[in-house]
Amino acid sequence: MKYVVIGASAAGLNGLKTLRSNDKNAEIVLIAPDNIIHSRCILHRFIDGERPEKKLNFTDDDLIEKSKVKWLKNKAAGVVLDNKLVLLDNGEKVNYDKLLIAAGSVTNMPPIKNLDKAKNVFGLHDFEDALAIKNNSVKAKHIGIIGSGLVGCDAISGVLGKGAKISCFEVASHMLPLNLDKYAAEKYQEAFAQKGLEQYYGVKVEEILLGSDNKICGLKLSDGRSFDCDMIIVTAGLKSNTEFLKNSGLKLDEKGLVYDKYGKTSNENVYAAGDISGKTAIWSAAVKEGIIAANNMSGTKNEMTDFFASKSTMNFAGIPTMSLGLAEKPDDSYTEVVFTDKKGNYKKIIHKNGEIKGAILQGDLSYAGILTQLIREKIDVSRVKKPLFSIDYSDFFGEFNF
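Please read these numbers as outputs of a predicted model, since none were measured by experiment. (Residues numbered from 1 in each chain as written. Predicted model: local features only at pLDDT ≥ 70, side-chain atom pairs only at ≥ 80, totals over all residues. Heavy atoms only, no water.)

Structural notes on the overall build of the chain
Phase 1: For the chain, the count of helices and strands is eight helices and 23 strands.
Phase 2: Whereas a compact globule of 402 residues would reach a radius of gyration of roughly 21 Å, the chain reaches 23 Å, a difference of no more than 12%.
Phase 3: Taking the principal axes of its C-alpha atoms as reference, the chain extends roughly 70 × 60 × 35 Å.
Phase 4: Among the 402 residues that make up the chain, the fraction classed as buried is 51%.
Phase 5: Surface accessibility of the chain: about 19000 Å² in total, with carbon and sulfur atoms responsible for 46%.
Phase 6: Measuring between centres, the 54 positive side-chain charges of the chain sit 1 Å from its 51 negative side-chain charges. (Helix = DSSP H or I, 4+ residues; strand = E, 2+ residues; numbered from the N terminus. Rg over C-alpha atoms; globule rule 2.2 N^0.38 Å. Buried < 20%, exposed > 50% of the residue type's maximum accessible area, 1.4 Å probe, protein only. Areas by Shrake-Rupley, 256 points an atom, 1.4 Å probe, with all protein chains shown as cover. Lys, Arg positive; Asp, Glu negative; His and termini not counted. Charge placed at Lys NZ, Arg CZ, Asp CG, Glu CD.)

Okay, structure coming up:
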């Protein structure tokens, strides 16, 4: 059996390890243009100097050698399903028996005037991006960051306090809009402001202002305001890396590559996992999807059922936070249960008819274990008479006090 894996991040490498564990004799080929194995979640720690390059690796240093994997450091340029081939950007072709596509995502460059031709514009997605930001930020006087989601906050954390003036611009009403409600987000906004970050919310960057030789000299907002800057980091979301699949015949939707709870795509010999779906960009979910897809590829039936795997954990400015599912209730058919204290701890659960649909924990995250149990045991929280945030592990050894 010959397995080919496209992508060397959370989904691809965990899939690769699972394939080797399940099949000691298979031929395994990894296709990924990365020069080093690295966690995209901690690239900001390389930018700010806290971690050297060698400490970005999230797996064993000898994983490729130990797993007897052939690593082709190329980009995938296409897939030919009928012939079971992956086309590489250098013109070569790689055959497979089973294929795992874990090519992840790429930086979404929004349609901002002059952005495509401006110099000194960077995304933050891989090690090469981080290296470019690190080298250029020390020379910059004013850095504009477009977007304040998880990657945006990574970028802010990486360059803040290094000498340049830093401003972020976010179209939503608050920081981390996909992960947090306004209350939890304001804790980060206040902490970043104390460190010198200028923040502008509810605004859209309309144009990049250029000087001679297309060098950035500023940006203009949709409300008419203009700001000087000489470097821009774009973190306005990610999009699935599916350009090379458009003529493959694999089923795609408006977000990305389509696959089921087993990781199987529209082709029986092709599986997928991680950000390539365009539906979530969460490390823990990518890890689990990679393992599940690899198990099914190699004959061990597995399916994705763990809602808790879609959680986001973050710790910006020394404030630990975890979010899961919905950050805000969509309408009044949902119920919010909230807890705050004078220590700055914040807990919120969103449920509908007793089924948990979302949660935010900030400060003390110890309740995450209880939350996991409530979700795993499918507890109807609307019937629990005990205060929801007073539940402890002893409650799971008997009947809940309904």
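What follows continues from the structure just given.
A short note on the environment of E206
Phase 1: You can see E206 is positioned in strand β13 (residues 205-210).
Phase 2: If near-sequence neighbours (up to four positions away) are discounted, E206 is found in contact with I112, K113, K220, L221 and S222. (Contact = heavy atoms within 4.5 Å.)

Examining the pattern of salt bridges
Phase 1: Summed over all chains, the structure comprises 14 salt bridges.
Phase 2: A salt bridge links R45 to D48, with the shortest nitrogen-to-oxygen separation between them at 2.9 Å.
Phase 3: Across the pair E198 and K165 runs a salt bridge, and its minimum N-O distance is 3.5 Å. One end of the pair, E198, is in strand β12 (residues 198-201); the other, K165, is in strand β11 (residues 165-170), and 33 residues separate them in sequence.
Phase 4: When its relative accessible area of 40% is taken as the criterion, K165 is described as partly exposed.
Phase 5: Beyond isolated ion pairs, a larger network of salt bridges with shared partners links D181, E336 and K348. (Salt bridge = Lys/Arg side-chain N within 4 Å of Asp/Glu carboxyl O.)

Description of the nonpolar core
Phase 1: Counting residues in each nonpolar core, the largest one holds 36 residues, and the members touching the most others are I143, I145, M175 and F192.
Phase 2: Of all the elements in the fold, those that place two or more residues in this core are α2 (43-47), α4 (127-137), β10 (142-146), α5 (150-159), β11, α6 (182-194), β16 (231-234) and β19 (312-316).
Phase 3: Beyond its immediate chain neighbours, meaning those up to four positions away, F192 contacts C153, I156, S157, L160, M175, L197, Q199 and F316.
Phase 4: By size, the runner-up hydrophobic cluster in this structure holds 26 residues, among which are A8, I37, W71 and Y271. (Core = buried A, V, L, I, M, F, W, Y, C linked by side-chain atoms within 4.5 Å.)

A look at the side chain of H125
Phase 1: Position of H125 among the secondary structure elements: in the loop between β9 (121-122) and α4.
Phase 2: Here S105 takes part through its backbone oxygen, which lies 2.6 Å from a polar atom of the side chain of H125.
Phase 3: Residue contacts for H125: discarding those within four places in its chain leaves R40, L43, S105, V106, T107 and L238. (Polar contact = N/O pair within 3.5 Å; in protein donor to acceptor, adjacent residues only side chain to side chain.)

Describing unusual backbone geometry
Phase 1: Even without a glycine there, the phi angle at N214 is positive, about 60 degrees.
Phase 2: Here N214 lies in the loop between β13 and β14 (216-221).
Phase 3: Residue classification places N214 among the partly exposed residues on the basis of a relative accessible area of 32%.
Phase 4: Located in the positive-phi region is K378, a residue other than glycine, with phi close to 55 degrees.
Phase 5: Overall, the relative accessible area of 75% leaves K378 in the exposed class.

With respect to helix α7 (residues 283-297)
Phase 1: In this model, α7 (15 residues) spans 21 Å end to end at C-alpha, consistent with the 21 Å of a helix rising 1.5 Å per residue.
Phase 2: Across the 15 residues that make up α7, a large majority, 11, are buried.
Phase 3: Along α7, the residues that are buried comprise A285, A286, V287, E289, G290, I292, A293, A294, N295, N296 and M297.
Phase 4: Downstream of α7 by a residue or two, G299 has a phi angle that is positive, lying close to 100 degrees. (Expected span 1.5 Å × (residues − 1).)

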